[in-house]
Amino acid sequence: MAILVFGVSSLRAEATLSINPPAPLPVSVVTADYDGDARIEEFFPGLILARRQSALGFERGGRIDAIHVDVGDRVEAGQVIAVLDTRAVQAQVAAADAQTSEAAAQTALAAETEARQEQLLERGHISQQRLDEVRTTTRAARARQAAAAAAANALRIELDLSIMTAPFDGVVTARLADEGAIAAPGQALLELVESDSLEIRVGLPPLLAARLEPGRDYPFIADGEPMTARFRASTGVVDRQTRTVTALFDIESGPAAAGQVVRLSMATPIEAEGFWVPTSALAEGRRGLWTVYVLNEDGAGYRLEARVVETVRIEADRVFVRGTVADGELVLASGIQRITPGQSVLPAVEGELIEARAQ
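Treat the numbers as computed from the prediction; the structure is a model and nothing was measured.

Let's talk about the sheet that holds strand E9 (residues 170-175)
Taken in spatial order, the 4 strands line up as E4-E11-E9-E6 in an open sheet, and their pairing is antiparallel. The open sheet has two edge strands, strand E4 (53-56) and strand E6 (74-75), and neither has a second partner. In terms of strand pairing, E6 meets E9 through 2 bridges, oriented antiparallel. Of the residues in E9, the one forming a bridge with Val-75 is Gly-170.

Comments concerning the sheet that holds strand E5 (residues 62-67)
Spatial strand order, E8-E7-E5-E10: 4 strands in an open sheet with antiparallel pairing. Unpaired on one side and paired on the other, strand E8 (163-165) and strand E10 (182-183) mark the two borders of the sheet. Here 3 bridges tie E5 to strand E7 (residues 80-84), and the two strands are oriented antiparallel to one another. Pairing of Ile-64 across the sheet is with Leu-84, part of E7.

Some remarks on the packing of helix H2 (residues 87-123) against helix H3 (residues 128-161)
At their nearest, the axes of H2 and H3 sit 8 Å apart, and the two run at 165 degrees to each other. Of the possible angle classes, the one that applies to H2 and H3 is roughly antiparallel. Along this stretch, H2 crosses H3, giving a crossing that reads as left-handed. Across the contact of H2 with H3, the residue classes break down as 17 nonpolar, 12 polar and 9 charged.

Section: the pattern of salt bridges
Going through the model one piece at a time under the given rule, you end up with 24 salt bridges. Here Glu-199 makes a salt bridge to Arg-232, at a shortest N to O gap of 2.9 Å. Taken together, the residues span a long stretch of sequence, with Glu-199 in strand E12 (residues 198-204) and Arg-232 in strand E14 (residues 225-238) at a distance of 33 residues. Take Glu-199: its relative accessible area is 3%, and that puts it in the buried class. By relative accessible area, which is 27% here, Arg-232 ends up partly exposed. Between Arg-232 and Asp-250 there is a salt bridge, with the nearest N and O atoms lying 2.4 Å from each other. In this pair, Arg-232 sits in strand E14 while Asp-250 sits in strand E15 (residues 245-253), placing the two residues 18 residues apart along the sequence. The exposure class of Asp-250 is buried, given its relative accessible area of 18%. Residues joined by salt bridges that share partners form a network here, namely Arg-51, Glu-199, Arg-201, Arg-232 and Asp-250.

Side note on the pairing of strand E21 (residues 318-323)
When strand E17 (residues 275-278) meets E21, the two strands line up antiparallel, connected through 4 bridges. Across the sheet, residue Pro-278 finds its bridge partner in E21, namely Arg-318. With 5 bridges connecting them, strand E20 (residues 302-314) and E21 associate as antiparallel partners. Bridge assignment links Val-309 to a residue of E21, and that residue is Gly-323. Following E20, the chain reverses through 3 residues before pairing antiparallel with E21.

Some details on the environment of Glu-199
Linking Glu-199 and Glu-252, residues 53 residues apart in sequence, is a C-alpha distance of 9.3 Å. Within the structure, the side chain of Glu-199 is placed 2.9 Å from the side chain of Arg-232, a separation counted as a polar contact.

Observations regarding the confidence of the model for the protein chain
Overall, the prediction assigns the protein chain a mean pLDDT of 84, with 90% of residues at 70 or greater. Confidence, read as mean pLDDT per element, is least for helix H5 (residues 352-358) in the protein chain (40) and greatest for E7 (95). Between residues 1-9, whose pLDDT stays under 50, and residues either more than four places distant or in other chains, the model counts 0 contacts.

Some points on the side chain of Asp-250
Only 2.4 Å separates the side chain of Asp-250 from the side chain of Arg-232, close enough to count as a polar contact. Beyond its immediate stretch of four places on either side in the chain, Asp-250 contacts Arg-51, Leu-198, Glu-199, Ala-229, Arg-230 and Arg-232.

Analysis parameters
- Residues numbered from 1 in each chain as written.
- Predicted model: local features only at pLDDT ≥ 70, side-chain atom pairs only at ≥ 80, totals over all residues.
- Heavy atoms only, no water.
- Pairing = 2+ DSSP bridges.
- Helix = DSSP H or I, 4+ residues; strand = E, 2+ residues; numbered from the N terminus.
- Axes fitted to C-alpha atoms, helices over the stretch in contact; angles between N-to-C directions.
- Parallel < 35°, antiparallel > 145°, perpendicular 65-115°, else oblique.
- Left-handed = near helix turned anticlockwise from the far one by under 90°.
- Nonpolar A, V, L, I, M, F, W, Y, C, P; charged D, E, K, R; others polar.
- Salt bridge = Lys/Arg side-chain N within 4 Å of Asp/Glu carboxyl O.
- Buried < 20%, exposed > 50% of the residue type's maximum accessible area, 1.4 Å probe, protein only.
- Polar contact = N/O pair within 3.5 Å; in protein donor to acceptor, adjacent residues only side chain to side chain.
- pLDDT = per-residue confidence, 0-100.
- Contact = heavy atoms within 4.5 Å.

Have a look at this one:
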């Protein structure tokens, strides 16, 4: 008798389920909105550099007499920042000036002698040959005077080169020697970076670099803060290692410091027709493909149907796809783990369906 009762109860439960099927599952949906001109925001790293940066040293060697600046000091163009010991050069200049004076005296004597010889020639007391010899002596004296003066000027130039001045306004970023050290010719003693004229160098794909407009401002992000920089030029040459073209931007506003890493923000075209879906809408399919679930209308509600799609671009929370989904169809946005193909569903919020179709 107990077995009979259990069988009757089971039949009644099945009949009840066939008469009252489970209610459609509420789900969130998005509309497949195909866009042939879709763009994605991409970020390209760049480096802020000073337009001018110099390692400063003396052309001639010598003992360092004074260095007037230190790391972090700001200097102006023409400001004296270091000096060599010039006592030996000053003595050489004095000697060269003395030689120049001696040569000038000899030139004056030769010129007077030439004038007297010309008078004697007019009176017939000497020959033309003798006068020509005196004139040659005068020209040689003038040449020796000019050579002595040039030597003295060369030494004065050495004196000038013993004084280091800032070639442009900037900040001292390194001090590599101190007073009393012997500086070799060309040895770097100070490093100077131009502080008021900064630029950004960014490596970009060739096609994207070709789209940049000279004189136009572009947005950057530096340490989370926005800033702008004006595009100046690009090298137009593809780097063999990075396969990018270097683009140069002049900083117009915002916080910036030489050596800082920034990011260029650009909206690049996807160049493919498709639509955006949340990453939660994708389910892994066969053979590495991806699947989305489309809501097909069946009168009382909607049933889920799996469709194969191809991922074109992937962002953190959304994916641009294309495939066997028609424009305007409703796509399951989330909750893939709790549904099965063919399951009856409805949009989760009343009126969401109308709103989705209107988009």
